[in-house]
Amino acid sequence: MIGLGTWVTTVNMMIFKGDITVVISDKDGEYDIDFQLPDKLKDVKIRTYDIVENGNTLKGKGEITMLPGKELEAEVTFDGDTFTGVLRIPFMKRTIELKNGHKIAD
């Protein structure tokens, strides 16, 4: 499994601009992804699914509580203790870059 650990990335979205912490762990051979969001987003829940590993890249889908029934897509490529990635919001035809991705803990 790739990308296990605690990571921080910077996002610039309409609803939030700043850093988000993501914990990627192994749960019985499947990826478990936990988003630790800032207090202003404390009521937002994110569910991830269809996580696929391809080389040093993880791709997956998700839903957030503020957009029920709307699917999001993410792709993250790891390079040591850093990563680059994108979050796609197909129904809005938007792509958000995940910037300055770096590991903060194993």
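Because the structure is predicted, anything quoted here is derived from the model rather than measured. (Residues numbered from 1 in each chain as written. Predicted model: local features only at pLDDT ≥ 70, side-chain atom pairs only at ≥ 80, totals over all residues. Heavy atoms only, no water.)

Side note on the packing of aromatic side chains
Phase 1 of the analysis: What the rule picks out here adds up to three aromatic pairs.
Phase 2 of the analysis: Here W7 and F78 contribute two aromatic rings whose centre-to-centre distance is 4.9 Å and whose plane-to-plane angle is 55 degrees, an arrangement assigned as tilted. Separated by 71 residues along the polypeptide, W7 in strand β1 (residues 5-12) and F78 in strand β6 (residues 72-79) bring together distant segments of the chain.
Phase 3 of the analysis: What makes W7 buried here is its relative accessible area of 3%.
Phase 4 of the analysis: An aromatic cluster is present here, built from W7, F78 and F83 joined pairwise through their rings.
Phase 5 of the analysis: The ring of F91 has K70 sitting right over it, with the charged end atom 5.3 Å from the ring centre. (Phe/Tyr/Trp six-rings, centres within 6.5 Å; stacked < 30°, edge-to-face > 60°. Helix = DSSP H or I, 4+ residues; strand = E, 2+ residues; numbered from the N terminus. Buried < 20%, exposed > 50% of the residue type's maximum accessible area, 1.4 Å probe, protein only. Lys NZ or Arg CZ within 6 Å of the ring centre and 35° of its normal.)

What to know about a nonpolar patch on the surface
Phase 1 of the analysis: Together, M14, I15, M66, F91 and M92 give the surface a local cluster of nonpolar side chains, amounting to about 490 Å² of exposed area.
Phase 2 of the analysis: Following the sequence through the fold, M92 ends up in the loop between β7 (82-89) and β8 (94-105).
Phase 3 of the analysis: What makes M92 partly exposed here is its relative accessible area of 37%. (Patch = residues over 30% accessible without salt bridge, like charges linked within 9 Å, V, L, I, M, F, W, Y side chains within 5 Å. Areas by Shrake-Rupley, 256 points an atom, 1.4 Å probe, with all protein chains shown as cover. Salt bridge = Lys/Arg side-chain N within 4 Å of Asp/Glu carboxyl O.)

Things to note about the pairing of strand β4 (residues 46-54)
Phase 1 of the analysis: Where β4 lies against strand β5 (residues 57-64), seven bridges are found, and the strand directions are antiparallel. Its bridge partner lying in β5, T48 is registered against G62. (Pairing = 2+ DSSP bridges.)

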